[in-house]
Number of protein chains: 2
Amino acid sequence: MENKKYECPLRFTMDLIGSKWKSLVLFHLLKGGMRSGELQKTLKDISNKMFTQTVRELEEDQLIQRRIFPEVPPRVEYELTPLGKSLEDILIQMDDWGRNVIEDIKKER
Amino acid sequence: MENKKYECPLRFTMDLIGSKWKSLVLFHLLKGGMRSGELQKTLKDISNKMFTQTVRELEEDQLIQRRIFPEVPPRVEYELTPLGKSLEDILIQMDDWGRNVIEDIKKER
DNA sequence: CTGTATCCTATAGGATACTG
DNA sequence: CAGTATCCTATAGGATACAG
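On a predicted model such as this, the values are computed, not experimentally measured, just so you know.

Q: What is the right way to look at the nonpolar core in this model?
A: What tends to happen in soluble globular proteins is that the nonpolar side chains get buried as a cluster. Counting residues in each nonpolar core, the largest one holds 66 residues, and the members touching the most others are Leu26 and Met94 of chain A together with Leu26 and Met94 of chain B. Excluding its chain neighbours within four sequence positions, the residues that come into contact with Met94 of chain B are Pro9, Leu10, Thr13, Met14, Ile17, Ile90 and Met94 of chain A together with Ile17 of chain B.

Now the structure itself:
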């Protein structure tokens, strides 16, 4: 994260959460930590590769944390860090905004 | 906009404002309408192609409006629509969030 | 179950030149 | 000034197969 350029703060934020899956991952983790497979399932349609890549980058940026349980079969859980949680209001507002717009579009028919 | 799929509201929102330049354009228009060239200049580093593409899509999605003044030389201004303005809180919060994180990173050195 | 490694395609996006 | 048209490269991202 330290090596990301930060021309404009908004751009910086969008770099962190603006990619296709990142905001969704964070959003789904708002309710609490989740097991890897479970998280991936909630993201319907995400490829295996993108899932791994997305959580790895979010972890690098310290927005989520990865916990490994030494069990068999292996078990991994992801949860928000305090920094990740600090995005809660923004994520919820974006979700609400989208829901309202969608509703309005439906009404127009 | 009507033809965008809306699996998840948050995803819908991100589709509208999550691309590289869109949120920046909206953000810079919060203070009021701007002339095309002026707007493009504030976005430092945006290519001609991407600028046109970005404002066209934002216009299609009814987040900004394009006004043409019949003058010579030609003059075009862009401004937020009511729908675009309704994103103000979100945009400002994302900008604030980014600024705070950047500050924290700097302090750590 | 969790994750890695390839391969492949589609798209994003920049540079440049040109038009009304 | 505002915008279009090409061409080109880099990256995003999916599908599949495989490993611990």
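Now, onward.
Q: How should I be thinking about unusual backbone geometry in this particular structure?
A: Most of the time, phi is negative for any residue but glycine, and the peptide bond is trans. All names here are of chain A. Of note, the bond from Val72 into Pro73 is cis; its omega dihedral lies within 30 degrees of zero at 0°. Mapped onto the secondary structure, Pro73 falls in the loop between strand S2 (64-69) and strand S3 (75-80). Not every positive phi belongs to a glycine, and Asp45 is a case in point at roughly 80°. By secondary structure assignment, the location of Asp45 is in the loop between helix H3 (36-42) and helix H4 (48-60).

Q: What should I look at first to understand the environment of Gly18 of chain A in this one?
A: Note on placement: Gly18 of chain A falls in the loop between helix H1 (9-17) and helix H2 (22-28). Sequence spacing of Gly18 of chain A and Leu91 of chain A is 73 residues, and the spatial spacing of their C-alpha atoms is 11 Å. Excluding residues that lie within four positions of it along the chain, Gly18 of chain A makes contacts with Thr13 of chain A together with Met14 and Gly18 of chain B.

Q: What is the right way to look at the protein's contact with DNA strand D in this model?
A: Taken together, 18 residues form the shell around DNA strand D, and within it Lys49 and Met50 of chain A together with Ser36, Gly37 and Arg66 of chain B come nearest. Sugar and phosphate atoms constitute 61% of the interface atoms of DNA strand D, taking the interface as everything within 4 Å of the protein. Take Ser47 of chain A: an N or O atom from its side chain is 3.3 Å from a phosphate oxygen of DNA strand D. Here a phosphate oxygen of DNA strand D and a backbone polar atom of Gly37 of chain B are 2.8 Å apart. Mapped by element, the contributors of at least two residues to the surface near DNA strand D are H4 of chain A together with helix H3 (36-42), helix H4 (48-60) and strand S3 (75-80) of chain B. Broken down by element, the surface near DNA strand D gets its largest block of residues, four residues, from H4 of chain B.

Conventions used here
Residues numbered from 1 in each chain as written. Chains lettered and ligands numbered in written order. Predicted model: local features only at pLDDT ≥ 70, side-chain atom pairs only at ≥ 80, totals over all residues. Heavy atoms only, no water. Core = buried A, V, L, I, M, F, W, Y, C linked by side-chain atoms within 4.5 Å. Buried < 20%, exposed > 50% of the residue type's maximum accessible area, 1.4 Å probe, protein only. Contact = heavy atoms within 4.5 Å. Helix = DSSP H or I, 4+ residues; strand = E, 2+ residues; numbered from the N terminus. Near = heavy atom within 4 Å. Polar contact = N/O pair within 3.5 Å; in protein donor to acceptor, adjacent residues only side chain to side chain.

No statement about biological role is implied by the geometric values presented.
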